[in-house]
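Chains, contacts and geometry: an overview
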Amino acid sequence: MKIIHLISGGDVGGAKTHVLSLLHGLGQTEQVRLVCFMDGPFAQEARDLGIDTVVMASHNVLKVAAALAGEIAGGGYQVVHCHGSRANLIGALLRPRISVPVVTTVHSDYRLDYLGRPFHRLTYGTINTVCLRKIPYHIGVSNAMAELLISRGFDPQTMFSIYNGVPFDAVEPARDRASYLESVGLPVEPESVVFGIAARLSPVKDVETLIRAFARAVRQVPSIRLLIAGDGEQAAPLKELAAQLCPAGTVVFAGWVSDMDSFYNAIDVNTLTSLSETFPYALTEGARHRCATVATRVGGVPDLIEDGVTGLLFDVRDQEALARHMEALARDGALRRRLGENLYQRARREFSAEATVQRQLEIYRVLLRRAQRPKGRRDGVLICGAYGKGNAGDDSILDAIIGQMRHIDPDLPLYVLTRTPKETKIRYRIGAVYTFNAPRFLWIMGRTKLYINGGGSLIQDVTSTRSLRYYLLSIHCAKATGNRVLMYGCGIGPVTRPANVRRAARVIDRYVDAVTLREETSREELRRMGVARPEIRVTADPALLLRPAPDERVEGWFHRHGLDPAGDYVMYFLRPWPGFDGKAAAFAAAAREIAGRRGARPIFMALEPGRDMDACRAVARAVGGEEAPVLPVPTDGELIVGILGRVRAVVSMRLHALIFAAAAGTPVVGAVYDPKVQAFLDYLGQKRYMALEEVTEARLLAAIEEALDQGREDAAAVEHLRALAAENEAAARKLLEEP
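Thresholds applied
Residues numbered from 1 in each chain as written. Predicted model: local features only at pLDDT ≥ 70, side-chain atom pairs only at ≥ 80, totals over all residues. Heavy atoms only, no water. Helix = DSSP H or I, 4+ residues; strand = E, 2+ residues; numbered from the N terminus. Rg over C-alpha atoms; globule rule 2.2 N^0.38 Å. Buried < 20%, exposed > 50% of the residue type's maximum accessible area, 1.4 Å probe, protein only. Areas by Shrake-Rupley, 256 points an atom, 1.4 Å probe, with all protein chains shown as cover. Lys, Arg positive; Asp, Glu negative; His and termini not counted. Charge placed at Lys NZ, Arg CZ, Asp CG, Glu CD. Core = buried A, V, L, I, M, F, W, Y, C linked by side-chain atoms within 4.5 Å. Contact = heavy atoms within 4.5 Å. Arc of directions from axis to C-beta. Pairing = 2+ DSSP bridges. Axes fitted to C-alpha atoms, helices over the stretch in contact; angles between N-to-C directions. Phe/Tyr/Trp six-rings, centres within 6.5 Å; stacked < 30°, edge-to-face > 60°. Parallel < 35°, antiparallel > 145°, perpendicular 65-115°, else oblique. Left-handed = near helix turned anticlockwise from the far one by under 90°. Right-handed = clockwise from strand over helix to strand, strands pointing away. Salt bridge = Lys/Arg side-chain N within 4 Å of Asp/Glu carboxyl O. Disulfide = S-S within 2.5 Å.

**Some thoughts on the overall build of the protein**
- Helix and strand content of the protein: 29 helices and 26 strands.
- Taken over the C-alpha trace, the protein has a radius of gyration of 29 Å; the compact-globule value for 739 residues is 27 Å, and the two agree within 12%.
- Its C-alpha atoms put the protein at 80 × 65 × 45 Å along the principal axes.
- Going through the 739 residues of the protein one by one, you find that 56% of them count as buried.
- Here the protein has roughly 29700 Å² of accessible surface; of this, 51% comes from carbon and sulfur atoms.
- The averaged location of the 84 negative side-chain charges in the protein is 8 Å from the averaged location of its 91 positive side-chain charges.

Written out as structure tokens, the structure is:
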């Protein structure tokens, strides 16, 4: 692969380190050329690293662009990669002249690049803003930067993320801990826990909050110490603040430090208190030394520091929360070791210099594949469902469908109709349009090849006739605009009103090409309605394809909520429904009795927090306060499956909690308020359920005890369900391949 990189050549800091490290790594396997638009230390460092570097110092950008266009064509370069505002201007000028992909890495918020310099912001900043829009592909340095760009209207399907990686070779510090701390003048005791920060001493790094939090923590744990490495305009006032608030000898300012390996080897806890960051090298450098880490929840920090899993997070300027974290880490050596080891393993796997290079190569391959994609043909999939309404079950269906479409074709353009298009674009990196924005979704339908009416029970009139009419009209419009139409892993019915039955049967028969269903009852409903023309297959709910999240993430969720990951739990998923209030006492009594008899602590989970939280809280209060926590379900379906895989049983009114439990192999007890819940349990061959109106303490107790005695579902049965769910993909593939 031949890649040409463009950069001004005056870059410093993280952007400089990122580009030089990246090009040095890429150069081991690919042909890479770096073009700088000024000579200087940057270009010389690149040459010293063995990077093929040329300087084109002309101020005539049109002349430079013309010369580069000739070099790109003559040299057979396959990708043009820009870094920074001047390179973006050249890249935008090159686009009409060349036939290869152009991509830019956005290293910082372009709206803040000329902060405090209004003339430069008005001129260079405006030019850069326009040029960024002209370049077709963008890479954000961290997910947070990519998400910021998407929120400003950049296409999520041409957006990528990358991280500042560091080498994870064996580290040999020049000094051991004791000699290094002695060299900087920090007295320690054998039990001392040393907190450290390496940062520029400027307002954006907010070291003041660190000093104030340390002053609180050291009153509770007198043996802790604080080592501050760095220099800057705030050095003097910060030293004065530390002298005022902290006991003498507990805080040391080391000044500018060049031996960072010895620094990180000497501290126990790495801290970061910045008000704003993209993805700081300080985190990965500390991770190399297995430092436990506590950091502000800003920018790309949460991409590496998952609270309770690979470190501890707190909000900007929250000195009380930081002090609590410092006290906890000071007192608990096992916690420090667990967080430090988890951080090391994740950083080595995902944020090393080698991982950064491999991620960049993967992005180049995507660009080259897309460059070969036929132009001018219908392409892509539009997905319609009950998405963006805060229901973790529905959102997990979307997650599974997207995964299956990506498995068919990783470059397939994907769009979804959703109530929250901005959030959907950011979360899934696909196109999104508001559910009722008819002009926009009709425009998309005119370009896609397949329309998926996807997941859940969309064809029913129990909740409302209006939603049924909407979904039927959408199917009609999709077919009228030239799409193949697939009803995907769905439930059907009940459709109760005769006019609705006739309307639904007519639309499905005329306009749907294939139907995959999550249980046999839905096939019977279609037969009852008189649907005969489409190909119909019973598969399984797409959400069954979700695999459990890694153990460290699951355990981190339990730790964050003060729960033992190895504890015994029964989880209860409740929802408000006519008749529920009269049964709340039975749920509470059964949960309390099971906790007493079997030691299985109840946890109440709100699958759709906006609707379910009050019902869960009412029952939890009746059980007994803090012993029955009420928690919102995470938005990540794989994390939900992982959590349910750690509990002994699930008692649920919510269908998708039962589906997640089935994916985890966890025994279930159903409280049926809707035929779709019973239909799914019957499909599983599961008889531990009762109608909501028939719920009693005795019946619940008997069913839960039976579930606990049974234990986990057979792994083969779970894999059989996943194999059925995978058949939805086969139906979509067939329709995408047909002309």
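There is more to say after this.
**Some remarks on the nonpolar core**
- Ranked by internal contacts, the top residues of the largest apolar core, which has 101 residues, are Met405, Phe587 and Phe604.
- Counting residues per element, this core draws most heavily on helix H26 (residues 655-664), which supplies nine residues.
- Once you skip the residues sitting within four places of it in the chain, Phe587 turns out to touch Leu574, Phe580, Val619, Val651, Ala671, Leu692, Val695 and Leu700.
- Membership of the second largest hydrophobic core comes to 37 residues, among which are Ile197, Leu210, Phe314 and Ala330.

**Looking at helix H21 (residues 520-529)**
- Those residues of H21 lying buried are Ser522, Glu525, Leu526 and Met529. The buried residues of H21 occupy an angular sector of 100° when projected down its axis, which confines them to one face.
- Considering only its buried residues, H21 is in contact with strand E18 (484-490), helix H20 (498-511), strand E19 (514-517) and strand E20 (535-538).
- Directly after H21, the chain includes Gly530, whose backbone phi takes a positive value near 95°.

**Quick word on unusual backbone geometry**
- Geometrically, the link from Gly493 to Pro494 is a cis peptide bond, its omega value of 0° lying close to zero.
- By the element assignment, Pro494 lies in the loop between E18 and H20.
- The phi dihedral of Ser142 is positive, around 110°, even though this residue is not glycine.
- Summarising the element assignment, Ser142 is placed in the loop between strand E6 (137-141) and helix H6 (143-151).

**Observations regarding the sheet that holds strand E12 (residues 292-296)**
- Judged by pairing direction, the sheet is parallel, and its six strands sit side by side in the order E10-E9-E8-E11-E12-E13 without closing on themselves. Strands at the two margins of the open sheet, each flanked by one partner only, are strand E10 (251-255) and strand E13 (312-314). Direction aside, the axes of adjacent strands within the sheet are offset by 20° on average.
- Here E12 pairs with E13 via three bridges, running parallel.

**As for the sheet that holds E20**
- Reading across from one edge, E16-E15-E14-E17-E18-E19-E20 is the order of the seven strands in this open sheet, with parallel pairing throughout. Each edge of the sheet is formed by a strand with only one pairing partner; in this case those strands are strand E16 (431-434) and E20. Taking the axes of each pair of neighbouring strands and ignoring which way they run, one obtains an average angle of 20° across the sheet.
- Relative to strand E17 (residues 450-454), strand E14 (residues 381-384) runs parallel, the two being bridged by four bridges.

**Some points on the packing of aromatic side chains**
- In this structure the tally under the stated criterion is 15 aromatic pairs.
- Here the aromatic rings of Tyr434 and Phe436 are separated by 5.8 Å at their centres, their planes lie at 70°, and the arrangement is edge-to-face.
- For Tyr434, a relative accessible area of 36% puts it in the partly exposed group.
- A relative accessible area of 45% means that Phe436 is categorised as partly exposed.
- Aromatic pair Phe580 and Phe587: ring centres 6.0 Å apart, planes at 35°, arrangement tilted. For the pair shown, Phe580 and Phe587 are each scored as buried.
- Clustering of aromatic rings is evident, with ring pairs tying together Tyr434, Phe436, Tyr470 and Tyr471.

**Re the packing of helix H19 (residues 465-480) against H20**
- The geometry of H19 relative to H20 is characterised by a closest axis approach of 10 Å and an angle of 20° between their N-to-C directions. Our classification of the angle between H19 and H20 gives roughly parallel. In this structure, H19 meets H20 at a crossing whose hand is left-handed. Across the interface between the two elements, Thr465, Leu468, Arg469, Leu472, Ile475, His476 and Lys479 from H19 touch Asn500, Arg503, Ala504, Val507 and Tyr511 from H20.

**Thoughts on the pairing of E20**
- Strand direction decides the pairing type here: E19 and E20, joined by four bridges, are parallel. When the sheet's bridge partners are listed, Ala514 is paired in E20 with Glu535.
- Taken together, E19, H21 and E20 form a β-α-β motif whose crossover is right-handed.

**Considerations on the pairing of strand E15 (residues 414-418)**
- Counting buried residues along E15, four of its five residues qualify, which places the element largely inside the surrounding structure.
- Alignment of E14 against E15, held across four bridges, turns out to be parallel. Within the sheet, the bridge partner assigned to Ile383 lies in E15 and is Val416.
- In terms of handedness, the path from E14 via helix H16 (residues 392-408) over to E15 forms a crossover that is right-handed.
- As paired strands, E15 and E16 are joined by four bridges and run parallel to one another. Each bridged residue has a counterpart across the sheet, and for Val416 the counterpart in E16 is Ala432.

**Re the pattern of salt bridges**
- This structure, assessed with the given rule, holds 52 salt bridges.
- The salt bridge partner of Arg152 is Asp109, with a shortest N-O separation of 2.8 Å. On the criterion of sequence distance, the pair formed by Arg152 in the loop between H6 and strand E7 (159-162) and Asp109 in the loop between strand E5 (102-106) and helix H5 (118-134) is long-range, its members being 43 residues apart.
- Taking the shortest distance from any N to any O, the salt bridge between Arg617 and Asp614 comes out at 4.0 Å. Of this pair, Arg617 and Asp614 are both found in helix H24 (residues 609-623), three residues apart, which corresponds to roughly one turn of the helix.
- By relative accessible area, which is 40% here, Arg617 ends up partly exposed.

**With respect to the state of the cysteines**
- Counting across every chain of the model gives zero disulfides.
- Between Cys490, a cysteine without a disulfide, and Cys384, which holds the nearest cysteine sulfur, the sulfur-to-sulfur distance is 12 Å.

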